[in-house]
Amino acid sequence: MSNTVGQVINCRAAVAWEAGKPLVMEEVEVAPPQAGEVRLKILFTSLCHTDVYFWEAKGQTPLFPRIFGHEAGGIVESVGEGVTHLKPGDHALPVFTGECGECPHCKSEESNMCDLLRINTDRGVMLNDNKSRFSIKGQPVHHFVGTSTFSEYTVVHAGCVAKINPDAPLDKVCILSCGICTGLGATINVAKPKPGSSVAIFGLGAVGLAAAEGARISGASRIIGVDLVSSRFELAKKFGVNEFVNPKEHDKPVQQVIAEMTNGGVDRAIECTGSIQAMISAFECVHDGWGLAVLVGVPSKDDAFKTHPMNFLNERTLKGTFYGNYKPRTDLPNVVEKYMKGELELENFITHRIPFSEINKAFDYMLKGESIRCIINMEE
């Protein structure tokens, strides 16, 4: 790759020109990294529901043309001035949030919400100069959450790139860049269930299954999956879910159903849907005195959480989390090592594999509810 350092690279990228329209494979120019930036050669990427959400642009600021993608694995091609923790040839995962290492959040052991590099879905340019590193025949193309991995090469702020074990298979660990770590960390880092405890997981999509995996790793004995689609239970068993509740099959609130199942409520609940009703149910289904609920899903902007104050006074705890409370540069390499040691399941999350040229199939799979994670091989 050394012959490309400092030069514009021409490569393929899947560009979204309009909301909800199929991506178009284009030749794009990718500028060299500036100070504090890294240019990555993306080898594998995956489609997350967040990409679909902003591609549809329903209730979000439409920003087109744009290169989506934020779960990926690749190799560092070149680094900009001042970048010291990465060098060409390093294997790395780009992440939609970052770790500058200098702000109060980065210096705190309790937070991962970097002041400088926290996710900004409306920004389509780089922080350094408020310009895009992508263009097509001179026309700028917008970035997405600072990663834009639906391109064979991309430029990312160095604080949003985690260096990982070069022996780790990028076609598997790439899914740790977003949803899997979000659910896994919500359980392991925030809920912290004790061995033998009970955990309810609301929503059995990718994030919810990762939360269940975290409960399994933590040694929870009862892992109750809550979902409106009963067919999801069979797959969820692979991640440790051993009981299932479909709220539609009961004539009473699901929190009441769970409380009756568990003699007063579960020890921990993780909400992974974004539904405000699911959030309320998750909080109200935990046991008084010690129960803790963690909110992971992102609600609609006009939603409001409503519960009786006595639920707090009866010593239930409600917490939220962002990216599972993982600091990308510090913690992500350790999560990769958990997988390498056989302590973390990843293969069961991967339901499809396709070549880059067929990327629109990944959108079809997700829209039809057929995909948890679809791995896209950028070199095919």
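For the structure itself, consult the block above.
Nothing here was measured: the structure is a model prediction, and the numbers come from that model.

### Regarding the overall build of the chain
Then, in step 1: When its secondary structure is counted, the chain shows 11 helices and 17 strands.
Then, in step 2: In summary, the chain has a C-alpha radius of gyration of 21 Å against a globular reference of 21 Å for 380 residues, a match within 12%.
Then, in step 3: Once the C-alpha set of the chain is aligned to its principal axes, its extents read approximately 65 × 40 × 40 Å.
Then, in step 4: Per-residue burial over the chain gives 55% buried out of 380 residues.
Then, in step 5: Taking as baseline every contact in the chain between residues at least 6 positions apart, the subset at least 24 positions apart corresponds to 70%.

### A closer look at helix α4 (residues 179-191)
Then, in step 1: Over its 13 residues, α4 runs 17 Å from end to end, which matches the ideal 18 Å to within 8%, given 1.5 Å per residue.
Then, in step 2: Bending of α4 peaks at approximately 35° at the position of G185.
Then, in step 3: The buried fraction of α4 is high, at 11 of 13 residues.

### Side note on helix α10 (residues 328-340)
Then, in step 1: The terminal C-alpha atoms of α10 lie 18 Å apart, and with 13 residues this matches the ideal 18 Å at 1.5 Å per residue to within 8%.
Then, in step 2: Looking at the packing, one finds that the buried side of α10 touches β5 (91-94), β9 (161-163), α3 (170-173) and α4.
Then, in step 3: Phi for G342, located one or two positions after α10, is positive at around 80°.

### Remarks on the packing of aromatic side chains
Then, in step 1: Applying the stated rule across the entire model yields 13 aromatic pairs.
Then, in step 2: Centre to centre, the rings of Y53 and F54 are 5.5 Å apart; their planes meet at 85°, and the pair counts as edge-to-face.
Then, in step 3: The class for Y53 is partly exposed, based on a relative accessible area of 34%.
Then, in step 4: Residue F54 is classed as buried on the basis of its relative accessible area of 8%.
Then, in step 5: Each ring, one from F239 and one from F349, has its centre 4.6 Å from the other, and the planes form 50°; the classification is tilted. Here F239, found in the loop between α6 (232-236) and β12 (243-245), pairs with F349, found in the loop between α10 and β16 (350-355); they are 110 residues apart in sequence, far enough to count as distant. For the pair F239 and F349, a shared accessibility class is recorded, and that class is buried.

### A short note on the pairing of strand β3 (residues 37-46)
Then, in step 1: Among the 10 residues that make up β3, 10 are buried, leaving the element largely enclosed by the rest of the structure.
Then, in step 2: Pairing geometry for β3 and strand β8 (residues 153-157), over 5 bridges, is antiparallel. Across the sheet, V38 pairs through a bridge with V156, a residue of β8.
Then, in step 3: Where β3 and strand β4 (residues 71-79) come together, 8 bridges link them in antiparallel fashion. When the sheet's bridge partners are listed, T45 is paired in β4 with A72.
Then, in step 4: Pairing of β3 with strand β17 (residues 373-377) involves 3 bridges; the strand directions are antiparallel. The residue of β17 that forms the bridge with F44 is N377.

### Some words on the packing of α4 against helix α5 (residues 206-218)
Then, in step 1: Put simply, α4 and α5 touch, their axes get as near as 7 Å, and they point 40° apart. When the axes of α4 and α5 are compared, the pair comes out oblique. Handedness of the α4/α5 crossing: right-handed. Packed against α4, whose contacting residues are G179, I180, T182, G183, L184, T187 and I188, the element α5 presents A206, V207, A210, A211, E213, G214, A215, I217 and S218 at the interface.
Then, in step 2: Taken together, the residues of the contact of α4 with α5 sort by class into 9 nonpolar, 6 polar and 1 charged.

So, how was this worked out
- All residue numbers here refer to positions counted from 1 along the written sequence of the relevant chain.
- The model is predicted, so local features are restricted to residues of pLDDT at least 70 and side-chain atom pairs to those at 80 or more, both for listing and for counting; the totals for chains, interfaces and linings are taken over all residues.
- Excluded from the side-chain calculation are hydrogens and water; included are all heavy atoms of the structure.
- Only DSSP runs of H or I with at least four residues qualify as helices, and only runs of E with at least two residues qualify as strands; both kinds are numbered from the N terminus onward.
- A radius of gyration in this sense is built from C-alpha atoms; the matching globule rule multiplies 2.2 Å by the number of residues raised to 0.38.
- Exposure categories follow from relative accessible area, calculated using a 1.4 Å probe and restricted to protein chains: below 20% of the type maximum is buried, above 50% is exposed, and the middle band is partly exposed.
- Contacts: residue pairs with any heavy atoms within 4.5 Å of one another.
- A helix's residues, less one, multiplied by 1.5 Å, set its expected span.
- At every residue, the bend is computed as the angle between two fitted axes, covering the seven residues ending there and the seven beginning there respectively.
- Aromatic rings from Phe, Tyr and Trp, taking only the six-membered ring of Trp, are treated as a pair when their centres fall within 6.5 Å; an angle between ring planes under 30 degrees marks them as stacked, one over 60 as edge-to-face, and anything in between as tilted.
- In short, DSSP must find at least two bridges between two strands for them to pair.
- For helices, the fitted line uses only the C-alpha atoms of the stretch in contact; every axis is such a line through C-alpha atoms, and the angle between N-to-C directions lies from 0 to 180 degrees.
- By the definition adopted for this analysis, an angle is roughly parallel if under 35 degrees, roughly antiparallel if over 145, roughly perpendicular if from 65 to 115, and oblique otherwise.
- Should the near helix be turned counterclockwise from the far one by less than a right angle, the crossing is left-handed, whereas a clockwise turn marks it as right-handed.
- Residue polarity is assigned by list, with Asp, Glu, Lys and Arg as charged and Ala, Val, Leu, Ile, Met, Phe, Trp, Tyr, Cys and Pro as nonpolar; anything else, Gly included, falls into the polar class.

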